[in-house]
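Structure assessment
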Amino acid sequence: MDHFTYKSGALHAEDVSLTDIAKAVGTPFYVYSTATLERHFRLFDEGLQGVDHLICYAMKAASNQAILKTLARLGAGMDVVSGGEYQRAIAAGVPPERIVFSGVGKTRAEMEMVLAGGLRQVNVESEPEMHLLNEVAQSLGKTVPITVRVNPDVDAKTHAKIATGKSENKFGIPISKAREVYNLAAQLEGLQVVGIDVHIGSQLTDLEPFALAYRKVAELTETLRTDGHDIKRLDLGGGLGIPYSKSNENPPLPYEYLDLIKRETGHLGCKIELEPGRLIAGNAGLLVSSVIYVKEGEGRQFMIVDAAMNDLIRPAMYEAHHDVVTVVEPAPRQPVMEYDIVGPVCETGDTFAKERAVAQVKSDDLVAFRTAGAYGAVMASEYNSRPLVPEVLVKGDQFAVIRPRPTLEEMINRDTLPSWL
Ligand code: LLP
């Protein structure tokens with residue numbers, strides 16, 4: 001569910017007309033709904049009532065500080081995967097004890113940063129990382145709480161580029177080696193084992209892979225406890241899918257997923273940590289764009305819009321579907337056309353949708369790409385020297401630009417010329 005609906009003939013984010021935002025900000029822009037962000041966070045938080053838990057929003061999905069602060073105020077922690085994300089979370093006022101640090105290639109500098117600033121735990125992904133973290137912790141005179149990310153060798157049945165839980169993927173340590181690695185961790189004085197971490201992929205639309213993975217983690221918890229390790233936290237990752245299209249995707253509901261977690265891990269008495277990203281931000285954001293031209297091709301019509309693959313790369317990168325709707329509510333008898341919806345970038349890959357049914361549009365009409373809140377703005381680039389797309393946050397009848405569009409000068413002036421030119 002989201003808070004983007006037609007009111008008085010125009011698509012609104014909560015109580016703000018997207019046409020008004022477009023007039024103020026220009027297009028393209030991302031717009032997020034506070035009410036949707038909060039609703040999604042609460043689905044998780046309240047769904048785990050009665051279970052000791054912490055929801056660490058995977059901020060890679062949408063990391064604007066205004067979004068982080070909105071969630072942190074409700075009690076969210078953050079899952080960070082770089083020194084940059086860590087600093088952003090701290091800048092947004094997230095308490096360090098609610099920050100977990102994930103990622104397969106943490107550098108020494110990043111370790112030093114998070115240990116100096118403090119954090120809840122590091123999710124360690126390999127033995128070399130474990131040794132380096134131990135060395136850094138000892139050099140700072142600290143003991144760092146860790147989990148080890150295990151790779152349960154489970155097929156997440158999602159797009160190959162975002163599946164992470166198979167043995168051929170680069171993530172975590174094989175679950176078959178877990179006892180050995182935990183025994184090593186126990187000997188390293190800079191580390192304190194506190195739990196187990198697992199994350200098998202993103203946009204999962206089936207509960208079965210979660211069930212398989214979590215069962216393996218539950219078994220491992222008991223084994224490791226027998227080995228003498230104090231396993232008290234289970235970080236069960238993120239990954240629950242969302243409906244991108246009303247017609248063809250039917251992912252499990254959050255409460256079904258949370259029930260599964262309770263079923264598979266409830267008997268262990270562990271604190272449950274979750275790292276949802278997409279489920280919180282995905283349906284909370286739209287990308288709004290203007291139609292530049294409608295161009296008659298051979299046997300097809302191109303809707304050329306002012307957003308492009310540099311602003312929203314998911315269709316080009318993952319063949320992802322985003323529903324496209326007009327910002328002005330289609331009139332009852334307005335014809336529906338089939339469009340190839342494309343951006344201005346000089347690549348055929350800059351195609352958002354093919355043969356997509358949308359109410360007939362003309363130049364300067366506004367269209368919105370739905371479900372673009374997660375992995376949208378954060379994956380944007382300046383390819384083709386197109387300035388980074390701005391972001392807007394709505395709350396009730398108010399809106400605020402939370403990241404302005406850089407001017408062309410600002411973008412260009414970041415280049416520095418060497419002395420010989
Ligand atoms: N935890 C870890 C360790 C992760 O690697 C990820 C996502 C998450 C949590 C959050 O997963 P979520 O709940 O959002 O599914 N750019 C891709 C998605 C990449 C996901 C990477 N890891 C896309 O646009 O589909």
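Look up a bit, the structure's there.
Residues numbered from 1 in each chain as written. Predicted model: local features only at pLDDT ≥ 70, side-chain atom pairs only at ≥ 80, totals over all residues. Heavy atoms only, no water.

It is worth spelling out the side chain of Asn 169 at this point. Structurally, the position occupied by Asn 169 is in the loop between β9 (144-151) and β10 (173-174). Here Gly 165 takes part through its backbone nitrogen, which lies 3.4 Å from a polar atom of the side chain of Asn 169. Once you skip the residues sitting within four places of it in the chain, Asn 169 turns out to touch Asn 151, Ala 163 and Thr 164. (Helix = DSSP H or I, 4+ residues; strand = E, 2+ residues; numbered from the N terminus. Polar contact = N/O pair within 3.5 Å; in protein donor to acceptor, adjacent residues only side chain to side chain. Contact = heavy atoms within 4.5 Å.)

What follows covers the nonpolar core. Across soluble globular proteins, nonpolar side chains show a tendency to be buried alongside one another. Grouped together as the largest cluster of nonpolar side chains are 102 residues, with contacts concentrated most on Tyr 57, Met 130, Ile 146, Leu 274 and Ile 341. It is helix α8 (residues 208-226) that provides the largest number of residues to this core, a total of eight residues. Mapped onto the domain boundaries, this core takes at least three residues apiece from domain 1 (4-31 + 282-412) and domain 2 (103-274). Among all residues touching Tyr 57, those that are not within four sequence positions of it are Ala 62, Ile 67, Leu 68, Leu 71, Gly 77, Met 78, Asp 79, Pro 276, Gly 277, Ile 280 and Ala 281. (Core = buried A, V, L, I, M, F, W, Y, C linked by side-chain atoms within 4.5 Å. Buried < 20%, exposed > 50% of the residue type's maximum accessible area, 1.4 Å probe, protein only. Domains from an automatic or database assignment.)

Note: most residues except glycine have negative phi, and most peptide bonds are trans. Cis geometry marks the peptide bond from Thr 27 to Pro 28, where omega comes out at -5 degrees. In this fold, Pro 28 is placed in the loop between α1 (18-25) and β4 (29-33). Even without being glycine, Glu 355 reaches a positive phi, approximately 45 degrees. Looking at the element boundaries, Glu 355 is found in strand β18 (residues 351-359).

It is worth spelling out the sheet that holds strand β3 (residues 16-17) at this point. Taking strand neighbours across the sheet as the criterion, the three strands line up as β1-β2-β3 in an open arrangement whose pairing is antiparallel. The sheet is open, and its two edges are formed by β1 (4-7) and β3, each paired on a single side. Where strand β2 (residues 10-13) and β3 come together, two bridges link them in antiparallel fashion. By the bridge assignment for β3, His 12 is matched with Ser 17. (Pairing = 2+ DSSP bridges.)

With that settled, the discussion passes to α1. All of the buried residues in α1 are Leu 18, Ile 21, Ala 22 and Val 25. The arc that holds the buried residues of α1, viewed along the axis, is 100 degrees, so those residues lie on one side. Residues of α1 that are exposed and point more than 90 degrees away from the buried face comprise Lys 23 and Ala 24. With a side-chain oxygen positioned 3.1 Å from the backbone nitrogen of Thr 19, the residue opening α1 is Ser 17. Gly 26 sits one or two residues past α1 and shows a positive phi near 80 degrees. (Arc of directions from axis to C-beta.)

Attention now goes to the site of the ligand. Of all residues adjacent to the ligand, which total 18 residues, the nearest are Ser 202, Glu 275, Arg 314, Tyr 318 and Tyr 375. Here an oxygen atom of the ligand and a side-chain polar atom of Lys 60 are 3.4 Å apart. In the model, a nitrogen atom of the ligand is placed 2.6 Å from a nitrogen or oxygen of the Glu 275 side chain. Isolated, the ligand exposes 590 Å² of accessible area, and the fraction of that covered by the protein chains is 92%. Residues of the shell around the ligand, tallied by class, amount to six nonpolar, six polar and six charged. (Near = heavy atom within 4 Å. Areas by Shrake-Rupley, 256 points an atom, 1.4 Å probe, with all protein chains shown as cover. Nonpolar A, V, L, I, M, F, W, Y, C, P; charged D, E, K, R; others polar.)

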